[in-house]
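An overview of the molecular structure
Each chain is listed here by its residues.
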Amino acid sequence: CAARATALKLIDAPPAGSAVWRGAVWITLIALITTSLALTLQYLQTTRTVEAQRHAVLDDEASALVERYRSEGLDGVSQAIQRQQSLPRLHEFFYLLTLPDGTPLAGNLLAWPAEISDTGFHSFETEVTNMRGVSSRRWVEVRTVMLDSGARLLVGDFVDERVALRERYFAALLWSLLATG
């Protein structure tokens, strides 16, 4: 029985202050930091790529309407917006064309968003009501343009994927750190 106990003798773990222990802690910390940095870099590159693509799509849509304005005036832009809204599309754009005083001429927004005071790209959260009358808060990205006549044009799209991407990033980071540590 004594021989058996000797054969089953467990190897003691090194003491917490030993060089082996410190080395293991350093290797684990380096792995955790490297994993965090790699995932963060990937997240930042992905969000930049998605944002650049979204800006390009909004800019293309707004540019087409500005060209329409140059060739056909406000009536031409208004008709183009009404036609675009009637077509089924992959991107559910929303539009607003207003006179210089803010009076809406065309589009599917009731009024110019209070969050926007200048031209360019803007991102904000707003209350949206779907066709069934259910309201929810959604993130939107818009491109705004001031036309020569002083009229304002807004072209926007929903950007809920930004929130989903951020949630997936944090979940991936947490699981990676748990697996590494």
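Residues numbered from 1 in each chain as written. Predicted model: local features only at pLDDT ≥ 70, side-chain atom pairs only at ≥ 80, totals over all residues. Heavy atoms only, no water.

1. Overview of the nonpolar core
For clarity, the cut-off: Among buried residues, the Ala, Val, Leu, Ile, Met, Phe, Trp, Tyr and Cys ones that are joined through side-chain atoms within 4.5 Å form a nonpolar core. Exposure categories follow from relative accessible area, calculated using a 1.4 Å probe and restricted to protein chains: below 20% of the type maximum is buried, above 50% is exposed, and the middle band is partly exposed. Strands are runs of DSSP state E lasting at least two residues, helices are runs of H or I lasting at least four, and both sets are numbered from the N terminus onward. Contacts between residues were defined by any pair of non-hydrogen atoms, one from each residue, lying within 4.5 Å.
Formed by 17 residues in total, the largest nonpolar core has its most connected members in Leu65, Val77, Ile81, Leu97, Leu147, Leu153 and Val155. Where this core is concerned, the elements lending two or more residues are α2 (19-86), β1 (94-98) and β5 (152-158). Per-element tally for this core: the top contributor is α2, with 8 residues. In this structure, Ile81 is in contact with Leu65, Tyr95, Leu97, Ala106, Gly107 and Leu153, ignoring residues within four places of it in sequence.

2. Structural notes on the pairing of strand β2 (residues 104-107)
As a reminder, the rule being used: Here the rule is simple: two strands pair whenever DSSP picks up at least two bridges between them.
In terms of strand pairing, β1 meets β2 through 3 bridges, oriented antiparallel. Directly across from Leu96, in β2, lies its bridge partner Gly107. Hairpin connection from β1 to β2: 5 residues lie between these consecutive antiparallel strands, with Gly102 at a positive phi of about 95°.

3. Re the pattern of salt bridges
Between side chains of opposite charge, a pair can form when the charged atoms approach closely. What counts, and what does not: What counts as a salt bridge is simple: a side-chain nitrogen of Lys or Arg found within 4 Å of a carboxyl oxygen of Asp or Glu.
Across all of its chains, the model carries 4 salt bridges by this definition. With a shortest N-O distance of 2.9 Å, Arg70 and Glu67 are connected by a salt bridge. You can see Arg70 and its partner Glu67 sitting in helix α2, 3 residues apart, about one turn around the helix. Across the pair Arg68 and Glu72 runs a salt bridge, and its minimum N-O distance is 3.8 Å. Remark: Glu72 and Arg68 occur in helix α2; sequence separation between them is 4 residues, near one turn of the helix.

This is a description of form; function is not addressed.
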